[in-house]
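Each chain, written out:
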Amino acid sequence: MTAPTVPSGRPGGPGDPDGRGIDSPGVPGSGPGFGPGPGSGSGSGGRRDSAGLIRAEEAVLAPNYHPLPVVVARAEGAWVEDVEGRRYLDLLAGYSALNFGHRHPVLVEAAHRQLDRLTLTSRAFHNDQLAGFAERLAALTGQEMVLPMNTGAEAVESAVKVARKWAYEVKGVPDGRATIVVAADNFHGRTTTIVGFSTDESARAGFGPFAPGFRIVPYNDLAALEAAVDDSTAAVLLEPVQGEAGVIVPDDGYLTGVREITRRAGCLFVADEIQSGLGRSGSTLAVDLEEVTPDLVLLGKALGGGIVPVSAVVGRRDVLGVLGPGTHGSTFGGNPLAAAVGSAVVGLLETGEYQRRAAELGIVLRDGLAPLVGRGVRAFRTRGLWAGIDVDPALGTGREIGERLLAEGVLVKDTHGSTIRVAPPLTVTEDQLRGALAALERVLTVPA
Ligand SMILES: Cc1ncc(COP(=O)(O)O)c(C=O)c1O
């Protein structure tokens, strides 16, 4: 893999509508909040420059990722800076883990404060942060109970366990017979159980045998869902918007239909809002847009403020209440540092400001992409400040488009084929967003 060879970005790039270079990506150390950092601008070809660090990673890291060739050393807000001091607008935002931008001062302060007092107790003891976090999170999401975990996959695994236990103890499904209905093209994480019900061969191949008990139906197909649920169904588990699949937005009424079918079938509706939730979709949860209340909601990513891994299952008391002491747990789940940061995240969302920004900037994003259809873009989908963009394959793979945007000072991530996804921090400014759209237009329409 090669490292970037030229400073990225150019006047007129994101955040630089006047072409003055202030705040523009690719300008070492420029703009507010950035100065020369450790390792920046060394250009020595040694261990601390991009090329050297990429080589060092490749020599020792398990090769389960293929990162873009940028080595980030610092970040603030929507900007990241590489070890040479080049700046890039981050339109991936840690797959929505950085909804509030890099190092949001309120979140960093909450973390610092907690670091100085207490970091870990394990749930063998109580800590003074957890109750407040759980109360606020339940209130924010309109639910009654919280099961704190760490990663998204753990929240999904926890929901699978809870749903099965609920099916046996409350619904009366014969032991060992519970099924969970999931959607094709889902992405719920990387554990063996979860990849076992993935339809993505690259996620599954070579990792079997897989756990039984899952039925897969097409996404956005209520008739297929209705046909799949029966007396053995513990739950329907879905993403309200399929992020990894390319920001696939279901038809209006789909989530309401899922709620009605699950209610009629006497099974749980589990909404995986790990990527779609916490402001991204223009509301606190994506299901809020249809005023649907699932039985369990899975949260992660942005819940940790981009600082610590924090996930949670939030839901009905009579469902999460099936767990008893010793039936489930996690050494780090609910730790006081996570709870303090998670509480500060909830505090930001309680203001409604980030949901509003996602909705308003989402319109800028949608309106900026619309004229590109037929000019390098085949199709696109948006929900809030979140887009899946199908680029004309003749222009390159999603990866190649990502590399060309990198050279423009914009970071995005490809997903399948020639699709790229855009999920800027919800703190991005309109000018920055317009600058990124202009960079996308250049990449798609101006010959390289
Ligand atoms: C919808 C959804 N669920 C679950 C996960 C898994 O989260 P994690 O990577 O924290 O395990 C992801 C991650 O991308 C996701 O998008």
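In what follows, the accompanying structure is described. Values in this document were obtained by computation on a predicted structure and should not be read as measured data. (Residues numbered from 1 in each chain as written. Predicted model: local features only at pLDDT ≥ 70, side-chain atom pairs only at ≥ 80, totals over all residues.)

## A look at the nonpolar core
Ala159, Ala163, Val236, Val270, Leu298 and Val341 are the most contacted members of the largest nonpolar core, which has 120 residues in total. Split by domain, this core shows at least three residues from each of two domains, domain 1 (50-62 + 69-103 + 354-445) and domain 2 (105-351). Beyond its immediate stretch of four places on either side in the chain, Leu298 contacts Ala155, Val156, Ala159, Val270, Ala271, Asp272, Glu273, Ile274 and Val313. (Core = buried A, V, L, I, M, F, W, Y, C linked by C-beta atoms within 7 Å. Buried ≥ 20, exposed ≤ 12 C-beta atoms within 10 Å, placed from the backbone. Domains from an automatic or database assignment. Contact = placed C-beta atoms within 7 Å.)

## Quick notes on the site of the ligand
If you check the shell around the ligand, you find 15 residues, and the closest are Gly152, Ala153, Gly189, Ile274 and Gln275. Looking at the shell around the ligand, the element that brings in the most residues is helix α5 (residues 152-171), giving 3 residues. (Near = placed C-beta within 6 Å. Helix = DSSP H or I, 4+ residues; strand = E, 2+ residues; numbered from the N terminus.)

## Some words on the sheet that holds strand β11 (residues 377-382)
In spatial order, the strands read β11-β12-β15-β14; together these 4 strands make up an open sheet with antiparallel pairing. Whereas interior strands pair on both sides, the edge strands pair on one side only; in this sheet they are β11 and β14 (413-414). Pairing analysis gives 4 bridges linking strand β12 (residues 387-391) to strand β15 (residues 419-422), with the strands arranged antiparallel. If you follow Asp390 over to β15, its bridge partner there is Thr419. (Pairing = 2+ DSSP bridges.)

## Observations regarding the pairing of β12
Among the 5 residues of β12, 4 are classified as buried, and the element is accordingly described as predominantly covered. Judged from the 5 bridges that link them, β11 and β12 form a sheet pairing that is antiparallel. Paired with Val377 across the bridge in β12 is Val391. Where β11 folds back on β12, the antiparallel hairpin that results is connected by 4 residues, among which Gly384 adopts a positive phi of roughly 60 degrees.

## Side note on unusual backbone geometry
A cis geometry characterises the amide bond from Gly208 onward to Pro209, with omega recorded as 5 degrees. Position of Pro209 among the secondary structure elements: in the loop between α7 (201-204) and β6 (214-217). With a phi close to 70 degrees, Ser122 is a non-glycine residue in the positive phi region. Locating Ser122 in the fold gives a position in the loop between α3 (105-115) and α4 (130-141).

## So, the sheet that holds strand β8 (residues 268-272)
Spatial ordering of the open sheet is given by β4-β10-β9-β8-β7-β5-β6, a layout of 7 strands whose pairing is mixed. Each edge of the open sheet is held by one strand with a lone partner, namely β4 (145-149) and β6. Each strand axis lies, on average, 20 degrees off the axis of its neighbour in the sheet, ignoring direction. Sheet analysis places strand β5 (residues 179-183) next to strand β7 (residues 233-238), joined by 4 bridges and oriented parallel. The residue of β7 that forms the bridge with Thr179 is Thr233. (Axes fitted to C-alpha atoms, helices over the stretch in contact; angles between N-to-C directions.)

## Quick notes on the packing of helix α13 (residues 398-407) against helix α14 (residues 430-445)
With their axes 10 Å apart at the nearest point, α13 and α14 run at an angle of 125 degrees to one another. As summarised for this structure, α13 and α14 are arranged oblique, according to the angle between their axes. Viewed along their axes, α13 and α14 form a crossing whose handedness is right-handed. Contact with α13, carried on its side by Ile401, Arg404 and Leu405, involves Ala439, Leu440 and Val443 of α14 and no other residues of that element. (Parallel < 35°, antiparallel > 145°, perpendicular 65-115°, else oblique. Left-handed = near helix turned anticlockwise from the far one by under 90°.)

## With respect to the pairing of β15
Of the two faces of β15, the one carrying Thr419 and Arg421 and the one carrying Ile420 and Val422 are both buried. Of the strand pairs in this sheet, β14 and β15 are connected by 2 bridges, and their pairing is antiparallel. The residue of β15 that forms the bridge with Asp414 is Ile420. Following β14, the chain reverses through 4 residues before pairing antiparallel with β15; Gly417 in that reversal takes a positive phi of roughly 55 degrees.

## Topic: the environment of His126
As for its placement among the helices and strands, His126 is situated in the loop between α3 and α4. With 11 C-beta atoms packed within 10 Å, His126 lands in the exposed category. Through-space distance from the C-alpha of His126 to that of Pro336 is 9.4 Å; in sequence the pair is 210 residues apart.

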